[in-house]
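Structural description and commentary
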Amino acid sequence: MTTRQAPPAGAAQHLERYEQVIGLEVHAQLKTDSKIFCPCSTRFGARPNTQVCPVCLGLPGALPVLNERAVRFAVMTGIAVGGRISERSVFARKNYFYPDLPKGYQISQYDRPLCEGGVIDIRSGSEWKRIGLVRIHLEEDAGKSLHPEGREGVVTTRVDLNRAGVPLIEIVSEPDIRSGAEAYDYLMRLKQILVYLDVCDGNMEEGSLRCDANVSVRLRGETALGTKTEIKNLNSFRNVERAIAFETERQVSLLEGGGRIVQETLLWNADKGTAETMRSKEEAHDYRYFPEPDLLPLDLDPAWIDAIRSELPELPHQVRDRLTLEYGIPEYDAEVLTETRSLAAYYEEVARRSGNPKLSSNWIMVEVNAARNKAGQAIEEFPVRPDRLGDLVAMIASERISGKIGKQIFELMLESLDGPEALVQRHGLMPIDDETALRALAREVIAANPGPVAEVRAGKDRTFAFLVGQAMKQSRGRAHPEKLQAALRRELEALT
Amino acid sequence: MSDALIHETAEALSRSVASGERSAVEVTLAFLAQIERTAGRLGTYLHKNPEEALAMARAVDERRARGAILGPLAGLPVALKDNLCVRGVPTTCGSRILERYRPPYDAHVVERLRDADAVLIGKTNCDEFAMGSSTENSAYFPTRNPWDLTRVPGGSSGGSAATVAAREAPLALGSDTGGSIRQPAAFCGIVGLKPTYGAVSRYGLVAFASSLDQIGPLARNARDAALLYNAICGQDARDMTSRSEAKPVSLDALERGAGRLRIGVPWELLGEGVDPEIHAALDKALAVFAAEGAKILDVKLPHAGYAIATYYLIAPAEASSNLARYDGVRYGVRAENDDLQTMYAKTRGQGFGREVRRRILLGTYALSAGYYDAYYLRAQRVRTLIRRDFAHALTGADAILLPTTPTPAFRLGEKLDDPLAMYLNDIFSIPASLAGAPALSFPAGFSAGDLPIGLQVVGRPFEEETLLRLARGWELGSDVTAKIPPLLAEADS
């Protein structure tokens with residue numbers, strides 16, 4: 001295995017002249033309870049080799065039986081991205097030897113996949129861009145090889161087949177992606193769709209979403225494709241972007257140095273930030289695909305497909321469009337609020353309860369998301385449920401309390417189960433907007449700050465803000481800002 | 001002196017056990033004794049199961065004593081080809097690579113046999129992974145033909161056919177991919193039925209060529225074959241290629257014999273290479289069927305001539321993939337080596353025999369990039385044409401009659417070094433396999449050298465009953481006197 005050296009400094013100056021051409025192959029584990037060809041559980045994290053049977057162990061004589069739910073999930077995904085669902089698709093065997101592949105072949109689909117075509121719309125800078133899909137097909141996952149190091153550095157290989165037979169869909173994009181950032185956005189949106197459909201949990205770290213990238217470069221204006229390389233083992237969104245950047249620079253500096261790109265498969269090393277040759281074109285497997293004789297062609301009833309289509313849950317872009325339309329919030333807000341289906345639902349409840357959609361949106365995007373990030377909580381786990389937040393936003397919107405007090409109440413709600421009104425009462429955070437009270441407050445501040453008062457009276461109006469601040473501080477933020485200012489002015493004038 | 005009961009039909013034996021006239025233990029002991037007498041010379045068993053067989057027989061007797069209604073195979077010993085998985089019992093497929101392998105589960109057919117109160121008497125010898133036509137490709141020892149110990153019993157289910165012919169078991173199961181039930185049935189003078197593809201679940205049958213493999217019965221007569229077929233046929237949720245159309249046959253219907261059936265003969269296939277004695281047997285069978293009221297007609301199978309070439313692309317292609325799992329990683333034999341690729345190569349090089357390696361290479365080649373279209377894909381197209389040939393021929397005819405093999409049993413070693421000659425022995429059995437059609441071989445007399453001659457009938461999908469009727473029709477209408485293999489007379493003298 002040769003390690004690719006990081007490209008020499010100076011490659012960057014040539015990058016501008018080149019265009020990146022990227023296609024992604026994403027494997028998504030489907031959230032079925034049982035495996036694709038046997039009744040074994042798909043639960044993650046069980047003791048090795050405890051979720052296995054003759055079928056997923058590849059024992060002699062065992063036969064696969066297709067899990068209908070896996071087909072349903074794949075069809076849902078295909079419909080969601082606007083692909084053409086094949087009324088007949090064919091499973092095929094992909095033959096290769098590997099210790100974690102128990103049958104010596106993987107049951108996949110080859111020339112007749114379950115779904116062809118479709119698109120995913122992504123953001124490219126400030127523009128929307130449409131990325132085409134080649135296909136979506138169903139297949140089974142392999143097991144896991146573990147390589148614990150034993151005594152004296154001897155590496156043994158252990159195989160865990162709990163994952164063998166877990167259903168996967170492979171989603172193959174057209175080479176329409178033009179930057180690492182686009183690749184990142186593509187993945188994020190694909191994941192979002194899968195999670196909205198509830199067919200995949202989208203967890204890249206646990207391997208339920210995996211990505212391989214095909215990367216090539218060409219001079220801008222060129223239409224022919226350059227020679228591509230495939231990078232595997234990209235286990236996070238960030239690594240997809242890093243690996244693409246690395247490989248682009250490597251290819252550009254190679255071309256600029258008069259070299260040629262060799263078609264090969266690379267393995268990304270996240271620790272080193274480099275990619276290593278896994279196998280060259282000459283070493284590429286001949287998978288000897290042929291139709292799986294143990295499974296009949298998969299024939300889907302068009303009525304069944306239509307039923308799935310009509311029962312499909314609302315998709316991210318549909319929710320986004322609806323939020324801008326129904327609540328009149330900016331597209332940017334709608335985008336943030338539709339990150340997950342539950343966040344969108346949370347928002348809708350807050351907006352309805354508060355009667356102020358935009359203020360609700362601000363509060364969720366800023367305060368709620370900051371608090372969640374700090375605590376590492378999903379919206380479902382967030383202690384301030386939409387009823388309490390809705391009431392709080394309503395109080396702010398009606399100017400019952402100031403935004404500042406609102407933030408204090410919000411902090412208190414994180415630690416308590418009480419509603420905002422109760423917290424206002426208990427903590428004495430009622431606003432002060434009574435004229436008499438405010439003027440008394442103003443007098444106190446004037447008496448305590450003779451120096452600044454003198455400055456203001458000498459015409460240095462900037463110091464007035466200082467006095468307002470002092471008064472606000474004294475009221476613990478409860479004073480009504482405009483009315484407080486008016487009271488201060490009046491009291492200052494009364495000094496003469 | 002062998003017990004007379006071993007010569008009785010399976011049907012009569014099960015009836016006598018069900019009625020309490022005989023115990024299952026008595027029946028089992030008689031066959032175990034016969035196994036002791038002849039199995040060593042015949043090489044019929046890879047694994048004998050006497051204690052467990054007797055325990056099963058005792059359980060059947062106890063169930064009867066408690067008043068339970070016994071299953072249709074009550075107390076009947078059934079021998080199983082060694083590519084059928086039985087929980088905890090060695091299942092080697094005649095291969096070194098599975099030498100110490102014991103499956104943790106029962107094949108579907110084994111479950112069905114247990115449900116029918118059968119007694120599992122042992123695992124029979126076969127060509128390694130069912131690849132062969134003589135049982136000489138067993139990694140352990142060859143099986144010999146009970147009618148002539150210098151000759152092969154056919155294959156790959158040679159052990160199952162020989163054990164039934166030698167009265168070591170009244171019934172046996174084999175598997176047929178290109179003729180592996182029918183050809184040994186013909187060589188051993190018994191009935192062998194390859195059911196329609198999809199009629200019997202393959203769950204627990206160690207795969208050779210998945211789109212062709214079928215499990216089927218071997219018995220000494222048509223009614224016994226039907227009895228066993230009825231116990232194993234029908235759809236199984238664990239085999240997606242098994243079909244709901246598969247239904248048991250009516251034993252009463254078999255008594256109608258050839259009746260008014262229309263029997264087609266593909267005369268143009270029966271040219272050179274067919275032994276004149278087999279031709280004569282065919283003529284005689286036609287006369288018997290005609291006498292029972294059958295109508296004889298000429299049918300054409302225009303693409304049958306391509307069957308062997310087609311089969312030897314499709315079957316090895318599937319086999320090359322099916323046998324990839326024997327890699328030394330999880331079970332079976334492993335040739336230890338620090339390097340993974342070397343471990344694979346040595347395990348498979350040492351674990352598989354010559355014929356298996358040859359077919360893996362053939363199949364790998366046929367599926368390789370650049371060759372797939374010319375070989376595998378073209379073979380699939382020809383297969384479709386052959387299937388249509390049968391569908392067409394079987395619109396005018398209810399069944400097609402042809403020889404099972406071109407010649408009677410050949411001698412051990414005769415074709416071992418000439419794989420092509422060995423492959424050509426399956427020329428008449430392979431077309432029906434490719435068509436997925438049911439096909440049956442029935443004993444239709446003897447050659448001048450006292451070797452059994454088998455004839456084959458092929459029918460429409462899921463019309464096994466028609467084929468069994470014809471086999472029964474031959475039994476009812478022919479004047480061939482029952483013979484027993486000389487080995488048995490010898491053993492008794």
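The notes below deal with the structure included here. A quick note: this is a predicted structure, and the numbers were derived from the prediction, not measured. (Residues numbered from 1 in each chain as written. Chains lettered and ligands numbered in written order. Predicted model: local features only at pLDDT ≥ 70, side-chain atom pairs only at ≥ 80, totals over all residues.)

Before going further, it helps to examine the overall build of chain B. The helix and strand tally for chain B stands at 17 helices and 11 strands. Seen through its principal axes, chain B has C-alpha atoms that stretch 65 × 55 × 45 Å. The contacts in chain B between residues at least 6 apart in sequence include a share of 77% that link residues at least 24 apart. (Helix = DSSP H or I, 4+ residues; strand = E, 2+ residues; numbered from the N terminus. Contact = placed C-beta atoms within 7 Å.)

Along chain A, the regular secondary structure elements total 16 helices and 17 strands. In terms of overall dimensions, chain A is more spread out than a globule: its C-alpha atoms have a radius of gyration of 30 Å, far above the 23 Å expected for 496 residues. With the C-alpha coordinates aligned to their principal axes, the bounding extent of chain A is approximately 100 × 55 × 55 Å. Looking at chain A residue by residue over its 496 residues, the buried ones come to 38%. Within chain A, counting contacts between residues at least 6 apart in sequence, those at least 24 apart form 69% of the total. (Rg over C-alpha atoms; globule rule 2.2 N^0.38 Å. Buried ≥ 20, exposed ≤ 12 C-beta atoms within 10 Å, placed from the backbone.)

On to the pairing of strand β13 (residues 229-234) of chain A. Consecutive side chains along a regular strand alternate between the two faces of the sheet. Residue and element names in this part refer to chain A. As paired elements, strand β12 (residues 209-219) and β13 share 4 bridges and run antiparallel to each other. Bridge pairing in β13 places alanine 213 opposite isoleucine 231. Crossover handedness for the path β13 to helix α4 (residues 237-256) to strand β14 (residues 264-269): left-handed. (Pairing = 2+ DSSP bridges. Right-handed = clockwise from strand over helix to strand, strands pointing away.)

Turning next to the interface of chain A and chain B. Contact residues are listed per partner, giving 25 residues for chain A and 32 residues for chain B. Of the residues assigned to the side of chain A that touches chain B, the class counts are 16 nonpolar, 4 polar and 5 charged. (Nonpolar A, V, L, I, M, F, W, Y, C, P; charged D, E, K, R; others polar.)

Grouped together as the largest cluster of nonpolar side chains are 229 residues, with contacts concentrated most on A:Ala213, B:Val78, B:Val119, B:Leu120, B:Val191, B:Ala399 and B:Ile400. Ranked by residues supplied to this core, first place goes to helix α2 (residues 24-42) of chain B with 9 residues. If sequence neighbours within four positions are ignored, B:Val191 has contacts with B:Ala185, B:Ala219, B:Arg220, B:Asn221, B:Ala222, B:Ala225, B:Leu440, B:Ser441, B:Phe442, B:Pro443 and B:Ala471. Within the second largest apolar cluster, 29 residues are counted, among which are A:Ala334, A:Leu343, A:Tyr346 and A:Trp363. (Core = buried A, V, L, I, M, F, W, Y, C linked by C-beta atoms within 7 Å.)

Strands belonging to one sheet form pairs held by backbone hydrogen bonds; the direction of such a pair is parallel or antiparallel. Residues and elements named next belong to chain B. Strand order in the open sheet formed by 11 strands is β1-β3-β2-β4-β6-β5-β10-β11-β9-β7-β8, with mixed pairing between adjacent strands. Both outer strands of the open sheet, β1 (45-48) and β8 (295-298), are each paired with one neighbouring strand and no more. Neighbour-to-neighbour, the strand axes of the sheet open up by a mean angle of 30°, direction not taken into account. Two strands pair when backbone bridges link them, and strand β5 (residues 191-194) and strand β6 (residues 214-219) are joined in this way by 2 bridges, in the antiparallel orientation. When the sheet's bridge partners are listed, glycine 192 is paired in β6 with leucine 218. Sheet contacts for helix α7 (residues 222-232): β4 (171-176), β5, β6 and β10 (439-446); angle to β6, the most-contacted strand, approximately 145°. (Axes fitted to C-alpha atoms, helices over the stretch in contact; angles between N-to-C directions.)

Quick look at the environment of A:Pro431 now. All names here are of chain A. With respect to the helices, strands and loops of the structure, proline 431 is situated in the loop between α12 (420-426) and α13 (435-448). C-alpha separation for the pair proline 431 and arginine 476, spaced 45 residues apart in sequence, amounts to 9.7 Å. If near-sequence neighbours (up to four positions away) are discounted, proline 431 is found in contact with Ile401, Ser402, Ile405, Arg478 and His480.

With that settled, consider helix α3 (residues 50-65) of chain B. Residues and elements named next belong to chain B. Over its 16 residues, α3 extends 22 Å from the first C-alpha to the last, a length consistent with the 22 Å expected when each residue adds 1.5 Å. All buried positions along α3 are accounted for by Ala53, Met56, Ala57, Val60, Asp61 and Arg64. Along α3, the residues classed as buried sweep out an arc of 140° about the axis, all on the same side. Facing away from the buried surface of α3 by more than 90 degrees, the exposed residues are Glu51, Glu62 and Ala65. The secondary structure elements touched by the buried residues of α3 are α2, β2 (77-81) and β3 (119-124). Backbone geometry just downstream of α3 places glycine 67 in the positive-phi region, at approximately 90°. (Expected span 1.5 Å × (residues − 1). Arc of directions from axis to C-beta.)

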